[in-house]
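# Structural description and commentary
Letter by letter, the chains look like this.
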Amino acid sequence: MSNATLASITELVRENATTDNAEVLQWVTEVAELTQPDAILWCDGSQDEWNRITSEMVEAGSLIPLDKNLRPGSFLARSHPADVARVEDRTFICSENEADAGPTNNWVAPDAMRAELMPLFEGSMRGRTMYIVPFSMGPVGGAITQLGIEITDSPYAVLNMRIMTRMGQQALDGITPGSEWVRTVHSVGAPLVDGAEDSAWPCNDTKYITHFPDTLEVWSYGSGYGGNALLSKKCFALRIASVMGKNEGWLAEHMLLLKLTNTETGKDYHLSAAFPSACGKTNLAMLQPTIPGWKVETIGDDIAWLRPGKDGRLYAINPEAGFFGVAPGTGESTNPVAMETLWGNTIFTNVALTDNGDVWWEGMTDSVPDHLIDWQGNDWTPDSGRPAAHPNSRFTVPIQQTPSLARDWYEQDGVPLDAILFGGRRATNVPLVAQSRSWNHGVFVGATISSEKTAAQEGTVGELRRDPFAMLPFCGYNMADYWGHWLEMGEQLGENAPKMFQVNWFRKDEDGNFMWPGFGDNSRVIDWVIRRVEGEHTGVETAVGTIPAPGELNLTGIEEVEKDLGKIFAIDPTSWLAEADLTEEYFAQFGDRLPAALTAELDALRDRLGK
Ligand code: GTP
Ligand code: SPV
Ligand code: MN
């Protein structure tokens, strides 16, 4: 680039800059010099800004406004058909040492990755606007909160970031010289040169989702979808934050967060749960109990940051400000709270469009519309033989629209945790609920979770894979060190540690039907969990943990489930011993980084299974 162009880029950056923090200005200037945008916009997160960006996108054909009466303030976006989910095989952890990324992550050395990326980012924003998006993860100034900036050339990402984070000037003002903050850069990789026409969903066949934990940076190229583009979410709040947490004594987790109030005693409790992608976090976060005695309120549906508080208990926040939820399967009967939340101000991605300008997806209503425009923009009828909405289609909606939102979401320093659940999608073997024998046993259970794959990740749906702590795609460092960190946190918390449980809503009978009704009826399991925390229920010890004693699980109103309870809770020693062998193999890949406590837990499990 000529000196004159460089000088004008510096001017472009400073012209409308809304900060005088030299570190921020220098970083933005460097990225602008590299990517060469036509214009730079410092985002303030205002309604005006939202209105301007949505109007521009509607005009450009990349957003479809929905009917103002049916779905006010809402839009539909259709992605490129090859850009519909996270791309785990293109996700990299670029730590200095390969061993620090561990065997479950793709690793490239930071310098080598920079050398690969820089030619791609060079000029990648030509013809486009570069948006500077400052955001806070958690309430600004809170004990667990962290700040970041995303530079992006995707207006779709900007709109989503405004919903998903506390975005704007307050966050930027919090980024003071010398303070710790996370730098994230995103380009769809589709420069507009020589008068080229833009497409409705620009992206590139080449994709890189890269993390530099040593310098707290994320560089994402080629995708506009979800966790690939909203860099606050999986990239920062899980992959980078997990490393920050390891270094600083806290935990960044793929967990929902709930508040429960016993309506008789008035006492409240907080619970978090780690389930893999599309395994029911949003559903449980918006639980509507089917049994009396409990009020359930939502705090978070995807990510929780946990940190020991001054009183020695483990405190949690939801660092996000919105939901990026799975649309298919969300309906009045499965998640009425989500349906109410989605009344307006929502961005829908890859769902179907109805003839009257509203949205539809599989499972939204019992009756299927006669005609739709499917997620790819084609005519669709019930006999088209393909889904109208993509299985990983999503809604982005402000958390404050949730009727069940707990005021604890605003809690500056988080809420104390009473219980932690680990779960997955398991057609066989895993009982509905089992309490872990100790913190270390709970860490073993979390570390050995397997789950059937869903549409949230590329690959074969239904295939069983290990997904420890639901963090397989999201842990920014060596998974064995991560387990070690969990073990250390338990030592530190001691008596104050939350109790741990394994749950499985997805066990099937011989005909392939779910045996447990799930959804609102999961309140029956939560009821048992809290009564265990309170020591009200004795439970029955089994080889894999404590399960409800006969009569302890409240089945009033669903008595028909009683006949299946034996199968729902069956623990078959032969299958469990076979799983223990697989666990041994799985653990072996971590070599001497595997904490001895986990080997001890595996041995103890085999003993209890009667080996
Ligand atoms: P991510 O946003 O990808 O992290 O996923 P999530 O864990 O928030 O997933 P979500 O709550 O959106 O659940 C996705 C799917 O799980 C939907 O198809 C639901 O219908 C289904 N699901 C949720 N809870 C239950 C349950 O209790 N039983 C059964 N059978 N299915 C459930
Ligand atoms: C997940 O896959 O766990 C999600 C969706 O929550 S995404 O933000 O795309 O990662
Ligand atoms: Mn998730």
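Rules and cut-offs
- Residues numbered from 1 in each chain as written.
- Chains lettered and ligands numbered in written order.
- Predicted model: local features only at pLDDT ≥ 70, side-chain atom pairs only at ≥ 80, totals over all residues.
- Heavy atoms only, no water.
- Helix = DSSP H or I, 4+ residues; strand = E, 2+ residues; numbered from the N terminus.
- Rg over C-alpha atoms; globule rule 2.2 N^0.38 Å.
- Buried < 20%, exposed > 50% of the residue type's maximum accessible area, 1.4 Å probe, protein only.
- Contact = heavy atoms within 4.5 Å.
- Areas by Shrake-Rupley, 256 points an atom, 1.4 Å probe, with all protein chains shown as cover.
- Lys, Arg positive; Asp, Glu negative; His and termini not counted.
- Charge placed at Lys NZ, Arg CZ, Asp CG, Glu CD.
- Phe/Tyr/Trp six-rings, centres within 6.5 Å; stacked < 30°, edge-to-face > 60°.
- Lys NZ or Arg CZ within 6 Å of the ring centre and 35° of its normal.
- Near = heavy atom within 4 Å.
- Polar contact = N/O pair within 3.5 Å; in protein donor to acceptor, adjacent residues only side chain to side chain.
- Nonpolar A, V, L, I, M, F, W, Y, C, P; charged D, E, K, R; others polar.
- Axes fitted to C-alpha atoms, helices over the stretch in contact; angles between N-to-C directions.
- Parallel < 35°, antiparallel > 145°, perpendicular 65-115°, else oblique.
- Left-handed = near helix turned anticlockwise from the far one by under 90°.
- Donors = N, O, S within 2.8 Å, 3.2 Å for Na, K, Ca; no water.
- Tetrahedral: all angles 85-135°; square planar, octahedral: opposite > 155°, others 65-115°.
- UniProt positions renumbered as here; feature names shortened; annotations may be inferred.
- Pairing = 2+ DSSP bridges.
- Disulfide = S-S within 2.5 Å.

Per an unreviewed UniProt entry, the protein chain is named Phosphoenolpyruvate carboxykinase [GTP], and its organism is Leucobacter komagatae.

## Some remarks on the overall build of the protein chain
Each helix and strand counted, the protein chain has 17 helices and 32 strands in total. Rg of the C-alpha trace for the protein chain: 24 Å, near the compact-globule value of 25 Å for 611 residues, within the 12% margin. In the protein chain, which comprises 611 residues, the proportion classed as buried is 60%. Within the protein chain, counting contacts between residues at least 6 apart in sequence, those at least 24 apart form 73% of the total. Here the protein chain has roughly 22,700 Å² of accessible surface; of this, 48% comes from carbon and sulfur atoms. Looking at the protein chain, you have 46 positive and 85 negative side-chain charges, and the mean spots of the two groups are 3 Å apart.

## A few points about the packing of aromatic side chains
Using the criterion set out here, one finds 29 aromatic pairs in the structure. Taken together, Phe422, Trp439, Phe469, Tyr477, Tyr482 and Trp486 form an aromatic cluster joined through their ring pairs. When the ring centre of Phe212 is taken as origin, the NZ or CZ atom of Arg114, which lies over that ring, is 4.4 Å away. The ring of Phe474 carries the charged tip of Lys234 above its face, separated from the ring centre by 4.4 Å.

## Observations regarding the site of ligand 2
The environment of ligand 2 is made up of Arg86, Gly226, Gly227, Lys233, Lys234, His254, Ser277, Asp302, Phe324, Arg394, Ala456 and Phe474. One of the side-chain nitrogen or oxygen atoms of Lys234 is found 2.9 Å away from an oxygen atom of ligand 2. Here ligand 2, which alone exposes 290 Å², has 98% of that area covered by the protein. At the level of secondary structure, the elements contributing two or more residues to the shell around ligand 2 comprise helix H8 (226-229) and helix H9 (232-248). Split by residue class, the shell around ligand 2 holds three nonpolar, four polar and five charged.

## Let's talk about the packing of helix H12 (residues 439-447) against helix H13 (residues 479-493)
The axes of two packed helices give the description: the angle between them and the distance between them. Their axes nearest at 10 Å, the elements H12 and H13 cross at an angle of 155°. Taken together, the axes of H12 and H13 lie roughly antiparallel to each other. Of the two possible hands of crossing, H12 and H13 adopt the one that is right-handed. Contacts between H12 and H13 involve Trp439, Asn440, Val443 and Ala447 from the first element and Trp483, Trp486, Leu487, Met489, Gly490 and Leu493 from the second.

## Thoughts on the coordination of the manganese ion (ligand 3)
Taken together, Lys234 (NZ), His254 (NE2) and Asp302 (OD) make up the full set of protein donors to the manganese ion (ligand 3), lying 2.1 to 2.3 Å away. Of note is the manganese ion (ligand 3), whose six donor atoms meet at the metal with angles of 73 to 174° in an arrangement that counts as octahedral. Expressed as a motif, the donor residue spacing for the manganese ion (ligand 3) is K-x19-H-x47-D. Here the residue Lys234 occupies a position in helix H9, and Asp302 occupies one in the loop between strand S15 (294-300) and strand S16 (304-308), the gap between them amounting to 68 residues. In this structure Asp302 comes out as buried when scored by relative accessible area, which is 8%.

## Some details on the UniProt feature "domain: Phosphoenolpyruvate carboxykinase C-terminal P-loop" (unreviewed entry) in the protein chain
Under the present numbering, the feature "domain: Phosphoenolpyruvate carboxykinase C-terminal P-loop" (unreviewed entry) in UniProt falls on residues 250-608. End C-alpha atoms of residues 250-608 are separated by 33 Å, and the span's content is 22% helix alongside 23% strand.

## A look at the sheet that holds strand S23 (residues 379-380)
One open sheet accounts for four strands, arranged S21-S20-S22-S23; its pairing is antiparallel. Two strands lie at the open edges of the sheet, namely strand S21 (359-360) and S23, each paired on one side alone. As defined by bridge partners, strand S20 (residues 352-354) adjoins strand S22 (residues 372-373) across two bridges and the pair is classed as antiparallel. In the sheet register, Leu353 faces S22, and the bridge partner there is Ile373.

## As for the site of ligand 1
Around ligand 1 there are 22 residues in total, and Ala278, Lys281, Thr282, Arg394 and Phe519 lie nearest to it. One of the backbone N or O atoms of Ala278 is found 2.7 Å from an oxygen atom in ligand 1. Side-chain polar atom of Arg394 to an oxygen atom of ligand 1: 2.8 Å apart, as the coordinates give it. When isolated, ligand 1 has an accessible area of 670 Å², and the protein chains bury 91% of it. Among the secondary structure elements, those contributing two or more residues to the shell around ligand 1 are helix H10 (281-285) and strand S18 (322-326). Of the residues forming the shell around ligand 1, the biggest block, three residues, is contributed by H10. For the shell around ligand 1, a count of residues per class yields ten nonpolar, eight polar and four charged.

## Focus: H12
For H12, the buried fraction is high: eight of the nine residues fall into the buried class. If you check which residues of H12 are buried, you get Trp439, His441, Gly442, Val443, Phe444, Val445, Gly446 and Ala447. In this structure, the buried residues of H12 make contact with strand S26 (419-423), H13, strand S30 (499-503), strand S32 (545-547), helix H16 (573-588) and helix H17 (596-608).

## Comments concerning the environment of Pro110
Turning to its location among the elements, Pro110 is positioned in helix H5 (residues 110-121). The exposure class of Pro110 is buried, given its relative accessible area of 6%. For the pair Pro110 and Asp214, spaced 104 residues apart in the sequence, the C-alpha separation amounts to 9.1 Å. Excluding residues within four positions of it along the chain, Pro110 makes contact with Cys94, Ser95, Glu96 and Phe212.

## Overview of the state of the cysteines
Applying the stated criterion to the full structure yields zero disulfides. Take Cys43: it sits in no disulfide, and the sulfur closest to it among the cysteines is that of Cys235, at 18 Å. Between Cys94, a cysteine without a disulfide, and Cys235, which holds the nearest cysteine sulfur, the sulfur-to-sulfur distance is 12 Å. Since its relative accessible area comes to 1%, Cys94 is described here as buried.

## Overview of the environment of Asp408
Mapped onto the elements of the fold, Asp408 is located in the loop between strand S24 (394-398) and strand S25 (415-416). For the pair Asp408 and Leu258, spaced 150 residues apart in the sequence, the C-alpha separation amounts to 9.4 Å. Here Asp408 is in contact with Lys259, His270, Ile299 and Val415, once residues within four sequence places are set aside. Polar side-chain contacts of Asp408 include one of 3.0 Å to the side chain of Lys259.

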